[in-house]
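Inside the fold
These are the residues of each chain, in order.
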Amino acid sequence: MTIDTIVAQSTPYGRSGVGILRISGFKTSDVSEKILGLLPPARQAYYATFLDNYGVAIDEGIAIWFPKPNSFTGEDVLELHAHGNPIILDLLMKSILLVKNVRIARPGEFSERAFLNGKIDLIQAESIIKLINATTESQVKFALKSLQGRFSEQIDYLINSIIDIRMLLEAVLNFPEEDCDIYDTQIEKKLKKILINIKNVYKNAKLGHIERDAIKIVISGQTNAGKSTIFNLLSCKNSAIITNIAGTTRDVLCENIQIKGVQIQLIDTAGFRKTDNIIEKIGISKAWEQVALSDHIFFVLDDTNNIFYQKQKITSFIKKIKYKNQVTIIINKCDLSHRKVGIRKYFSGRTYIMISAKYLSGIKILKQHLQSLVQKFMINNTETVFLTQRRHLNILRSIKKQVINLKENWFVFKNFELLAEDFKIIQNLLNEITGSITSNDILNSIFKNFCIGK
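Computed from a predicted structure; not experimentally measured. (Residues numbered from 1 in each chain as written. Predicted model: local features only at pLDDT ≥ 70, side-chain atom pairs only at ≥ 80, totals over all residues. Heavy atoms only, no water.)

Secondary structure assignment for the protein chain yields 15 helices and 13 strands. Taken across its 454 residues, the protein chain has 49% of its residues classed as buried. When the accessible surface of the protein chain is summed, it comes to about 22400 Å², and 54% of that surface belongs to carbon and sulfur atoms. (Helix = DSSP H or I, 4+ residues; strand = E, 2+ residues; numbered from the N terminus. Buried < 20%, exposed > 50% of the residue type's maximum accessible area, 1.4 Å probe, protein only. Areas by Shrake-Rupley, 256 points an atom, 1.4 Å probe, with all protein chains shown as cover.)

Within the largest apolar cluster, 33 residues are counted, with the highest numbers of intra-cluster contacts made by I155, I187, F423 and L430. Elements represented by at least two residues in this core include exactly α6 (150–174), α7 (181–213), α13 (390–413) and α14 (416–434). Among the elements that line this core, the one with the most residues is α6, at 9 residues. Not counting residues within four places of it along the chain, the set of residues in contact with I187 comprises I165, L168, L169, W410, F416 and L419. (Core = buried A, V, L, I, M, F, W, Y, C linked by side-chain atoms within 4.5 Å. Contact = heavy atoms within 4.5 Å.)

For an α-helix, 3.6 residues make a turn, and residues three or four places apart therefore share a direction. Between its first and last C-alpha, α6 extends 36 Å over 25 residues, near the 36 Å set by a 1.5 Å rise per residue. Residues of α6 that are buried include every one of F151, S152, I155, L158, I159, S161, I162, I165, L168, L169 and V172, and no others. (Expected span 1.5 Å × (residues − 1).)

This part takes up unusual backbone geometry. P69 follows K68 through a cis peptide bond whose omega is 0 degrees. On the secondary structure map, P69 appears in the loop between β4 (57–66) and β5 (77–84). The residue H338 is not glycine, and still its phi comes out positive at about 65 degrees. Structurally, H338 can be placed in the loop between α11 (334–337) and β12 (342–345). At L360, a residue that is not glycine, the phi angle is positive and equals roughly 65 degrees. By relative accessible area, L360 is classed as exposed at 51%.

It is worth spelling out the sheet that holds strand β11 (residues 327–332) at this point. Strand order in this open sheet of 7 strands is β8-β9-β7-β10-β11-β13-β12, and the pairing throughout is mixed. The open sheet has two edge strands with one neighbour each: β8 (253–259) and β12. Looking at each pair of strands side by side, their axes are set apart by 25 degrees on average, direction ignored. Where β8 lies against strand β9 (residues 262–268), 7 bridges are found, and the strand directions are antiparallel. Note that in β9 the partner of I259 across the bridge is V262. Most of the contacts of helix α9 (residues 278–293) go to strand β7 (residues 215–221), to which it runs at about 140 degrees, and overall it touches β7, β9 and β10 (296–302). Set on the sheet, helix α10 (residues 307–320) makes contact with β7, β10 and β11; between it and β10 the angle comes to about 155 degrees. (Pairing = 2+ DSSP bridges. Axes fitted to C-alpha atoms, helices over the stretch in contact; angles between N-to-C directions.)

What the rule picks out here adds up to 14 salt bridges. Residues D303 and R339 are paired through a salt bridge, measuring 2.6 Å at the closest nitrogen-oxygen approach. Linking D303 in the loop between β10 and α10 with R339 in the loop between α11 and β12, this pair joins segments that are 36 residues apart in sequence. On the basis of relative accessibility, which here comes to 25%, the residue R339 falls in the partly exposed class. Linked through salt bridges whose partners overlap, the residues forming this network are D4, E75, R103, R106, E109, E112 and R113. (Salt bridge = Lys/Arg side-chain N within 4 Å of Asp/Glu carboxyl O.)

What follows is about the packing of helix α4 (residues 122–133) against helix α5 (residues 137–147). For any two helices packed against each other, the geometry comes down to the angle between their axes and how far apart the axes lie. One can describe the packing of α4 onto α5 by two numbers: an axis separation of 8 Å at closest approach and a directional angle of 155 degrees. As far as their axial angle goes, α5 and α4 are roughly antiparallel. Between α4 and α5 the crossing geometry is left-handed. Only V140, A143, L144, S146 and L147 of α5 make contact with α4, whose side of the interface consists of Q124, S127, I128, K130 and L131. (Parallel < 35°, antiparallel > 145°, perpendicular 65-115°, else oblique. Left-handed = near helix turned anticlockwise from the far one by under 90°.)

Tallied over the entire structure, the rule returns 4 aromatic pairs. Judged by centre distance (4.3 Å) and plane angle (20 degrees), the rings of F299 and F317 are stacked. Taken as a pair, F299 in strand β10 and F317 in helix α10 lie far apart in primary sequence, 18 residues in all. Among the residues examined, F317 registers a relative accessible area of 3% and is labelled buried. Aromatic rings pair up to connect F272, W288, F299 and F317 into one cluster. The aromatic ring of F110 is capped on one face by R22, whose charged end is 5.4 Å from the ring centroid. (Phe/Tyr/Trp six-rings, centres within 6.5 Å; stacked < 30°, edge-to-face > 60°. Lys NZ or Arg CZ within 6 Å of the ring centre and 35° of its normal.)

Of all 7 residues that make up β10, 7 are buried, and the element is covered over most of its length. With burial as the criterion, each face of β10 is covered, one bearing H296, F298, V300 and D302 and the other bearing I297, F299 and L301. The pairing of β10 with β11 spans 6 bridges and is classified as parallel. In the sheet register, V300 faces β11, and the bridge partner there is I330.

So, on to the sheet that holds β4. If you walk across this open sheet you meet the 6 strands as β3-β4-β5-β2-β1-β6, and the pairing is mixed. Whereas interior strands pair on both sides, the edge strands pair on one side only; in this sheet they are β3 (46–51) and β6 (102–104). This sheet shows a mean twist of 30 degrees between the axes of neighbouring strands, independent of strand direction. Inspection of the sheet shows strand β2 (residues 16–24) paired to β5 by 8 bridges, in the antiparallel sense. Opposite I23, over in β5, you have L78 as the bridge partner. Along the sheet face, helix α2 (residues 86–97) touches β1 (5–9), β2, β3, β4, β5 and β6 and points at about 150 degrees away from the line of β5.

Printed below as a string of structure tokens:
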């Protein structure tokens, strides 16, 4: 990679006002001499004529020269801003590729070189493609924070905290004649602080991952309770088939909506009940899968059933889910029970929303509640949330579990050697996030998803 100079089109293919070619590598100055006839002033927009291999003009445009190491990749970089005609850009590309040791870049290779040359860490490299592919305003904001290094700063702070406690442990292990009781209190304080910081980083990373993939709201509950009607009303589409026959919905239906720039994925599922129908059983199994993957659940009940039955269903459902506070209870068909719409307190102090989906009564309240959920997920965390990848969450989850275990082991065994080894493992895991310790397989997996010119 250090031998080859790479070139790629950075703007989308097709006709446009401007098309940009980017060149990076040690042969970039040779490319400039050939295409421009000179080396432009550094970091200035230079108006030039672009020449082919025979010195014939191809186009006129802007050239910008970024000498190493003050460039995106850390190598010599040249950008050619030509007219966005595919024929012009193709002629330029052919002329550039005639220079020895110049080739077309692989997907993401510019960002990969920036990472390998220490210009950005792996978190920032991953945030570039997320910034390009962002579909909501909040995704753009959070991806930019990751690109600016907000997430990296938090990981670096955790690494420095672990280095600090490892230094203390090394002192204990290298000077065993000292009174170890002196260090016990310090270690315990640092342990508690590290655990709190890891939990905070994990929380913000999880919120960032939710925003990247959209907040998943699953509509579940008993059969024929009006789940599909609510799904259609909230999504403003008639995607779900609605009938009076219990078990009509047998598959998973999804619709995306946006609330205040945040993407929401509404998911309609099959109703829960005992059945001998094979197809319906599969639908119910899929419904439980979606509940397990959800960020929040709208649990819908039919108000024509008595209160005792409703309490029984709610209690049974909440026992089966992992997060007990991620449920909104919706009591539908209050037009048949003649109960007033609105937000009420249910048994055990739990809040529920009374509606009549058929007559649109209480739907405005439900939509307002949905907006408040979005605020709870995202808006109160705008300063700390950053877009994250699944691999970040998996590593942070492992670290969180490791710290909890080592904290418990420390208070039981007071073993300095074991604690030092555990912290070494945790530090290595954190280094995997930033790319300080990363296998080639992970790098290839990340950068292959980039566009060619990035």
